[in-house]
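Notes for the structure review
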Amino acid sequence: NTSTLSPGSSGITEAEHALLQLPSGRVLYFFTARKALQVHVRYSDDNGTTWASYATAVLSRAAAGPLEALAVAYARGTVVLFTTEASAGATASPGPQERPSHVNLVGLLSGQVAMLYWWMNTAGTEAYSFRLLDPATPGYLAAKTDLYTATTAPAFAESGCAMWDDEDGTLYALLELKAAA
């Protein structure tokens with residue numbers, strides 16, 4: 001079942017967006033609009049046929065610079081929202097030197113959230129990394145495991161990754177790597 005998402009009648013194209021289906025079947029649509037300084041949420045209870053406002057300005061403060069990444073997950077009653085904020089050439093999370101992109105979150109039965117992402121600080125430092133998050137703790141405090149570093153992780157234009165958990169509880173990751181020389 002597919003639907004065209006229309007967060008409002010203004011015709012604004014969202015800068016960042018993510019969908020999340022709750023156990024109840026309700027679908028939440030998280031998005032940033034215009035200058036991408038705040039996150040808003042719409043919901044659908046009919047598999048995307050109709051949408052209504054759920055919450056506006058869900059961040060405790062507007063971002064100082066555009067939000068560059070947005071990801072959401074559900075884990076044991078908690079919705080986890082991840083964002084990165086552009087500010088003077090650096091980002092606020094998940095770590096002081098990382099510029100994450102292609103962020104994937106998966107809520108686990110344990111209540112933790114698996115996080116897979118591509119990041120860089122400067123050219124030549126690209127990597128795919130994994131963190132196991134506790135929703136009650138800032139993500140940048142979680143231990144980071146680099147899965148692939150600059151020798152195999154591609155530059156931004158060629159990077160891409162996805163992560164999901166299968167029905168049997170196995171966590172899978174799909175990463176795009178550099179072509180062999």
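Residues numbered from 1 in each chain as written. Predicted model: local features only at pLDDT ≥ 70, side-chain atom pairs only at ≥ 80, totals over all residues. Heavy atoms only, no water.

**What about the overall build of the protein?**
Along its length, the protein carries zero helices and 13 strands. Out of the 181 residues in the protein, the part that is buried amounts to 38%. By sequence separation, contacts in the protein at least 24 residues apart represent 39% of the contacts at least 6 residues apart. When the accessible surface of the protein is totalled, it reaches about 10000 Å², and 52% of it is carbon and sulfur. (Helix = DSSP H or I, 4+ residues; strand = E, 2+ residues; numbered from the N terminus. Buried < 20%, exposed > 50% of the residue type's maximum accessible area, 1.4 Å probe, protein only. Contact = heavy atoms within 4.5 Å. Areas by Shrake-Rupley, 256 points an atom, 1.4 Å probe, with all protein chains shown as cover.)

**Some thoughts on the environment of Met 115**
Checked against the element boundaries, Met 115 lands in strand E9 (residues 113-120). For the pair formed by Met 115 and Leu 132, sequence separation is 17 residues and the distance between their alpha carbons is 6.2 Å.

**Examining the nonpolar core**
Ranked by size, the top nonpolar core spans 15 residues in total, and within it Phe 82, Val 103, Leu 105, Val 113, Met 115 and Leu 133 carry the most contacts. In terms of nonpolar packing, the next biggest core, distinct from the first, is built from eleven residues, Leu 22, Leu 28, Val 39 and Val 72 among them. (Core = buried A, V, L, I, M, F, W, Y, C linked by side-chain atoms within 4.5 Å.)

**Concerning the packing of aromatic side chains**
We describe a pair of aromatic rings using the distance from one ring centre to the other and the angle between the two ring planes. Tallied over the full model, the rule gives four aromatic pairs. Where Tyr 29 meets Phe 31, the ring centres are 5.2 Å apart and the plane angle is 20°; that geometry is what we call stacked. The exposure class assigned to Tyr 29 is buried, which follows from its relative accessible area of 3%. With 5.8 Å between their ring centres and 20° between their planes, Trp 164 and Tyr 172 make a pair best called stacked. Tyr 172 sits in the partly exposed class, given a relative accessible area of 34%. One aromatic cluster is present, built from ring pairs that chain together Tyr 29, Phe 31 and Trp 51. Positioned over the ring face of Tyr 43 is Arg 26, at 4.1 Å from the centre of the ring. (Phe/Tyr/Trp six-rings, centres within 6.5 Å; stacked < 30°, edge-to-face > 60°. Lys NZ or Arg CZ within 6 Å of the ring centre and 35° of its normal.)

**Here's the deal with a negative patch on the surface**
Residues Asp 165, Asp 166, Glu 167 and Asp 168 make up a contiguous surface patch of negative charge. Note on placement: Asp 166 falls in the loop between strand E12 (161-165) and strand E13 (171-175). (Patch = residues over 30% accessible without salt bridge, like charges linked within 9 Å, V, L, I, M, F, W, Y side chains within 5 Å. Salt bridge = Lys/Arg side-chain N within 4 Å of Asp/Glu carboxyl O. Lys, Arg positive; Asp, Glu negative; His and termini not counted. Charge placed at Lys NZ, Arg CZ, Asp CG, Glu CD.)

**Focus: the sheet that holds strand E2 (residues 27-32)**
Backbone hydrogen bonds hold the strands of a sheet together, and the pairing may be parallel or antiparallel. Read across the open sheet, the four strands follow the order E1-E2-E3-E4; overall the sheet is antiparallel. Strands with a single pairing partner mark the edges of an open sheet, and in this sheet they are strand E1 (17-21) and strand E4 (52-55). On average, adjacent strands in this sheet sit at an angle of 30° to one another, irrespective of strand direction. Here E1 runs beside E2; their pairing, made up of five bridges, is antiparallel. (Pairing = 2+ DSSP bridges. Axes fitted to C-alpha atoms, helices over the stretch in contact; angles between N-to-C directions.)

**A word on the confidence of the model for the protein**
Reading predicted coordinates in detail is not appropriate for stretches of low pLDDT. Scored by pLDDT, the protein comes out at a mean of 82, with 83% of its residues at no less than 70. Here strand E7 (residues 90-91) is the element of the protein with the lowest mean pLDDT, 43, and strand E3 (residues 39-44) is the one with the highest, 95. Note on residues 7-12: pLDDT under 50 across the span, and six contacts to partners over four residues away in sequence or across chains. Contacts from residues 88-94, a stretch scored under 50 in pLDDT, to residues over four places away or in other chains number 22 contacts. (pLDDT = per-residue confidence, 0-100.)

**Details of the side chain of Arg 42**
Along the chain, the position of Arg 42 falls in strand E3. On the basis of relative accessibility, which here comes to 16%, the residue Arg 42 falls in the buried class. Engagement of the side chain of Arg 42 in a polar contact is seen with the backbone oxygen of Trp 51, the distance being 3.3 Å. (Polar contact = N/O pair within 3.5 Å; in protein donor to acceptor, adjacent residues only side chain to side chain.)

**Points about a nonpolar patch on the surface**
On the surface, a cluster of nonpolar side chains totalling about 230 Å² of accessible area is made up of Leu 147, Tyr 148 and Leu 177. In this fold, Leu 147 is placed in strand E11 (residues 144-148).

**As for the sheet that holds E11**
Taken together, the four strands give an open sheet; going across it, the order is E8-E9-E10-E11, and neighbouring strands pair in antiparallel fashion. The outermost strands of the open sheet, each flanked by one partner alone, are strand E8 (99-107) and E11. Averaged over all neighbouring strand pairs, the angle between strand axes comes to 25°, with direction disregarded.

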